[in-house]
Amino acid sequence: MSSDRTNANISAIQALSKVSIALSETVSLDKVLYKAVTQCIEICNFDAALVYFLEPCGEYFVAQHSYGIQSESSKQLRKLPTDFIGGIVMKNGKTVITENLSHHLQQRPQLEGFQSLISVPIKARRETIGVLDVLTKEHRDFSPEDISLVESIGLQIGVASENAKLFESVENVTTKLRELVTLNQRIASCLHIDVLIPMLTSELSKVFKADVLFLSQDDTPIIHMKASNKFDEYQFASDASVQCLWQKEGLTIHSYKKLPSRQKLDALFGRFGIKRAEYMVFTYGVNNHALIIGKNQNGDWSAAEQEVMEGITKTITLALTNSYLFQEVEKSRERNSNLRALQTAAQERERQRIAGEIHDSINQSLSGLYFHLQYCRDEIEHSPEKVRAILDKLLSITKDNINELRQIIHDLHPLAIQKFGFVGAVDELVKTCSLQEIMEIRLEIVGQPIRYVPEVEIQLYRVIQECMNNVMKHSRASEAQITMYFEQSQLRILIVDDGVGFEPHQQLRYDDAYGIMGMETRIRDIGGALSIFSRPGKGTKIVITL
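Undergrad: So, the packing of aromatic side chains: which residues are in play, and what are the values?
TA: For the structure on display, the rule yields eight aromatic pairs. Where F208 meets W301, the ring centres are 6.5 Å apart and the plane angle is 80 degrees; that geometry is what we call edge-to-face. Placement of the pair is F208 in helix α7 (residues 193–208) and W301 in the loop between β12 (287–295) and α10 (303–379), with a sequence separation of 93 residues. Its relative accessible area of 2% is what places F208 among the buried residues. Judged by its relative accessible area of 5%, W301 is buried. Grouping aromatic residues by their ring pairs yields a cluster made of Y256, F269 and Y279. Between the NZ or CZ atom of K295 and the centre of the ring of W301, over which it lies, the distance is 4.1 Å. The lysine or arginine in question, K541, covers the ring of F533, its NZ or CZ lying 5.6 Å from the ring centre.

Undergrad: Kindly report on the sheet that holds strand β1 (residues 48–54), identifying the contributing residues and their values.
TA: Sheet architecture is open: six strands sit in the order β3-β2-β1-β6-β5-β4, paired in antiparallel fashion. Two strands close off the open sheet at either side, each with one partner strand: β3 (79–81) and β4 (96–98). In this sheet, neighbouring strand axes are inclined to one another by 25 degrees on average, regardless of whether the strands run parallel or antiparallel. Where strand β5 (residues 116–124) and strand β6 (residues 127–136) come together, nine bridges link them in antiparallel fashion. Following the sheet pairing, S119 is matched in β6 by D133. Strands β1, β2 (60–67), β4, β5 and β6 of the sheet are contacted by helix α4 (residues 85–92), whose axis makes an angle of about 140 degrees with β6.

Undergrad: Break down the sheet that holds strand β14 (residues 479–486) for me, with residues and values.
TA: Pairing is mixed in the open sheet, where five strands are placed in the order β13-β14-β15-β17-β16. The open sheet has two edge strands with one neighbour each: β13 (440–447) and β16 (529–534). Neighbour-to-neighbour, the strand axes of the sheet open up by a mean angle of 10 degrees, direction not taken into account. Strand direction decides the pairing type here: β13 and β14, joined by eight bridges, are parallel. Bridged to E444 within β14 is T483. Contacts from helix α13 (residues 454–475) reach β13, β14, β15 (491–497), β16 and β17 (540–545) within the one sheet, and its direction differs from that of β15 by about 10 degrees.

Undergrad: Tell me about unusual backbone geometry, and please be specific about residues and values.
TA: Comment: phi is negative for the bulk of residues other than glycine, and the bulk of peptide bonds are trans. Positioned with a positive phi, K209 is a non-glycine residue whose angle comes to about 50 degrees. Position of K209 among the secondary structure elements: in the loop between α7 and β7 (211–217). In this structure K209 comes out as exposed when scored by relative accessible area, which is 70%. Phi angles above zero are rare outside glycine, and R476 is one such case at about 55 degrees. Note that R476 resides in the loop between α13 and β14.

Rules used throughout
Residues numbered from 1 in each chain as written. Predicted model: local features only at pLDDT ≥ 70, side-chain atom pairs only at ≥ 80, totals over all residues. Heavy atoms only, no water. Phe/Tyr/Trp six-rings, centres within 6.5 Å; stacked < 30°, edge-to-face > 60°. Helix = DSSP H or I, 4+ residues; strand = E, 2+ residues; numbered from the N terminus. Buried < 20%, exposed > 50% of the residue type's maximum accessible area, 1.4 Å probe, protein only. Lys NZ or Arg CZ within 6 Å of the ring centre and 35° of its normal. Pairing = 2+ DSSP bridges. Axes fitted to C-alpha atoms, helices over the stretch in contact; angles between N-to-C directions. Contact = heavy atoms within 4.5 Å.

In structure tokens:
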């Protein structure tokens, strides 16, 4: 499942980058729409697509481009009133999915031969200016990935069409707009955030002939800044002005102007000598970013510059999103690779341990038994009493060997689960650990226990076993408790100790890191979740939910 999700994320990123590059390769509105429609069909495996824009009067849609529609039907669909599905999309600004068009053929007979439809809004400057329709000839249950990808393409069409109109209407900034197209292409194809941020600050500084700053903050109080001016690399502590910045709405260009009446952001912008700025904020998980284009004087931006800023806002947001998705994919790949390596090494160590135990104990003992039995066979007629004493000793050694062999088998497969059930096996584990008299260990059951399939119970048992091993080896605790909550819809297991604790996010030793990763993987494989809460000197709590 993780691999499928990873491949789906990579395909989506590559598809969006491909569309972004295609839309950035031309400034002709007709060519932009042709590329958008053809790329949409090729990437999403649809049969037809149309791009409509609303006329200024607001009463009709005009089809700017279509693909996969028969010539006669295409002519009839060229101009449509707003009483069809597109009108709903325009009114609400939200996607409409129609999986069965047969109910609408009386109103739009030109769509005969098609079964399913996605209509997504095309937006520019937060206003819906048109509709992208994609159709299939066969009935299709559109997946969330299909819908998300088409919506992203509609978003790209809005950005691209707005850029194209800028090129057509503002002849005096042709050179600057060409630079913008090149930048859009580079932004869209850049999947590494460490490369994207320096590129944005450098290239936007050239386009706007201004200082460009990129502020970043994760879950720490430190602000990291990349700038095109003298500050370059810079770090500072977060304060109220920065927190005010993060509260601004995303996907919007915000304006700042230093006024006599002091504003909340004066402290932040004043730090960098900025008196006039346009900025946008972007949030992904715990990561906050702000792109600031600033001047050290109060002069206004030209209308063309403001339009350029509006045009690149969505492209930058999309590029940042793609970068984080790609980063997650890369981390997932690295994590899986490391885990496989750790598992392989652990399996080899376990084989060596079992081989060593068998060689050092059972094998040596059996060899001794063999030679003693030979002696008994030779001496039984001459010294029967002496042989009887030796045989009694051999019986005791054989019993010890059986117990050792049972322990090795138990380590490989917990037979206690078959004998006592899952809860009983955990109880036996607690009793066995308590025999070592290292700490007091308690087991509490809340609710009515239920049984799971053997594979699930074994995985849960192994995780609890690993937790108890870690508590006994590392925690230096005086007591520990395992509490199982059998609730109506889930099982919760809490393992708590009062030991020395640790910092869960710090770099752990090889064996410790493998142990934690192994526990997380086991629980994830059976559809559960594992969380670790600990602080140095405050003990450790592990929560398992299934």
